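Below, each chain spelled out in residue letters.
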Amino acid sequence: MNHSGRRPGAATGLTLVCFALKDEAAPFRKTLAARADLAILITGIGRSNARRSLLEFLQTTSPRRVFTCGFAGGLNPQLHIGQVLFDTPDPDLFQALSRTEAAAASFVCLDHIATTRAEKQALHATTRAKAVEMESDAIHAICREQGIPCATVRAISDTAQEDLPLDFNALSNPDQSLNFGKLAWTILKSPGKIPALLKLQARTKLAAANLASVLRQVTQSN
């Protein structure tokens, strides 16, 4: 877990920005150098890790608002790679995010990665959500309990029309982190997957950069 190295204690005016992974946060992290009013929390993947990490952070720090951020899989076939979406019940955060290039959307939160086109199509048909991710339900629930305004802000890293190059669920540790040993062995057995994995890496970099742009705008707006 990482909360930007800041000293613990009540932090009036602090904006907390949560990401599951360091790679999701990397472009936005550069903002922290000149912003004493921002903190980043790397929660780990999934609702359980997100809940545990946020509750631990809140034991020492009370932010005025929380953003739950990172990548999302597209469920609506009209969404494109790098597109930034948001959802929030808070009217002030909704207005602030509406002034950025992000689009209002609904999300569904799963306990696993939606890796196939067929699963994404089924999720879209049954939930009508536009995108899928894994942490925001837990973060919103805690924020509701503690009266903290909260918004989901996510960038599309894979579209509704495609399968991911690997079943990342099968390559995960029990804590839902990626098992790099399993990943290396899988690539060794299937080197033909390398171009697709490099393409996914490029897409996630684009998604992270676009996400950082929206977050810089909304955290500077008020």
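Our structure's up above, just so we're on the same page.
Residues numbered from 1 in each chain as written. Predicted model: local features only at pLDDT ≥ 70, side-chain atom pairs only at ≥ 80, totals over all residues. Heavy atoms only, no water.

Asker: Before we move on, could you go through the environment of His 140 and cite the residues and values that matter?
Answerer: Summarising the element assignment, His 140 is placed in helix H5 (residues 136-146). Among the residues examined, His 140 registers a relative accessible area of 12% and is labelled buried. The spatial distance from the C-alpha of His 140 to the C-alpha of Gln 161 is 29 Å, given a sequence separation of 21 residues. For His 140, the residues in contact, after removing those within four places along its chain, are Thr 68, Asp 87, Pro 89, Cys 150, Ala 151 and Thr 152. (Helix = DSSP H or I, 4+ residues; strand = E, 2+ residues; numbered from the N terminus. Buried < 20%, exposed > 50% of the residue type's maximum accessible area, 1.4 Å probe, protein only. Contact = heavy atoms within 4.5 Å.)

Asker: Tell me about the pairing of strand E3 (residues 65-74), and please be specific about residues and values.
Answerer: Note on strand geometry: in a regular strand, side chains alternate between the two faces of the sheet. Within E3, 10 of the 10 residues are buried, leaving the element largely enclosed by the surrounding structure. Pairing analysis gives 5 bridges linking strand E1 (residues 15-19) to E3, with the strands arranged parallel. Paired with Cys 18 across the two strands is Thr 68, which belongs to E3. Note: E3 against strand E7 (residues 131-133), 2 bridges, orientation antiparallel. Pairing of Gly 74 across the sheet is with Ala 131, part of E7. (Pairing = 2+ DSSP bridges.)

Asker: Describe the packing of aromatic side chains, and please don't skip the residues or the numbers.
Answerer: The tally for this structure, following the rule as stated, stands at 2 aromatic pairs. Ring geometry for Phe 19 against Phe 28: centres 6.4 Å apart, planes inclined by 45°, an arrangement best described as tilted. Looking at Phe 28, the relative accessible area reads 1%, which means it is buried. Centre to centre, the rings of Phe 86 and Phe 94 are 5.2 Å apart; their planes meet at 65°, and the pair counts as edge-to-face. Here Phe 86 falls in the buried class, since its relative accessible area comes to 1%. (Phe/Tyr/Trp six-rings, centres within 6.5 Å; stacked < 30°, edge-to-face > 60°.)

Asker: Account for helix H1 (residues 22-29), naming residues and giving values.
Answerer: Every α-helix winds through 3.6 residues per turn, so residues three or four apart in the chain are directed the same way. Residues Glu 24, Ala 25 and Phe 28 constitute the buried set of H1. In a view along the axis of H1, the buried residues occupy a sector of 80°, so they form one face of it. Exposed and oriented more than 90 degrees from the buried face of H1 are Lys 22 and Asp 23. (Arc of directions from axis to C-beta.)

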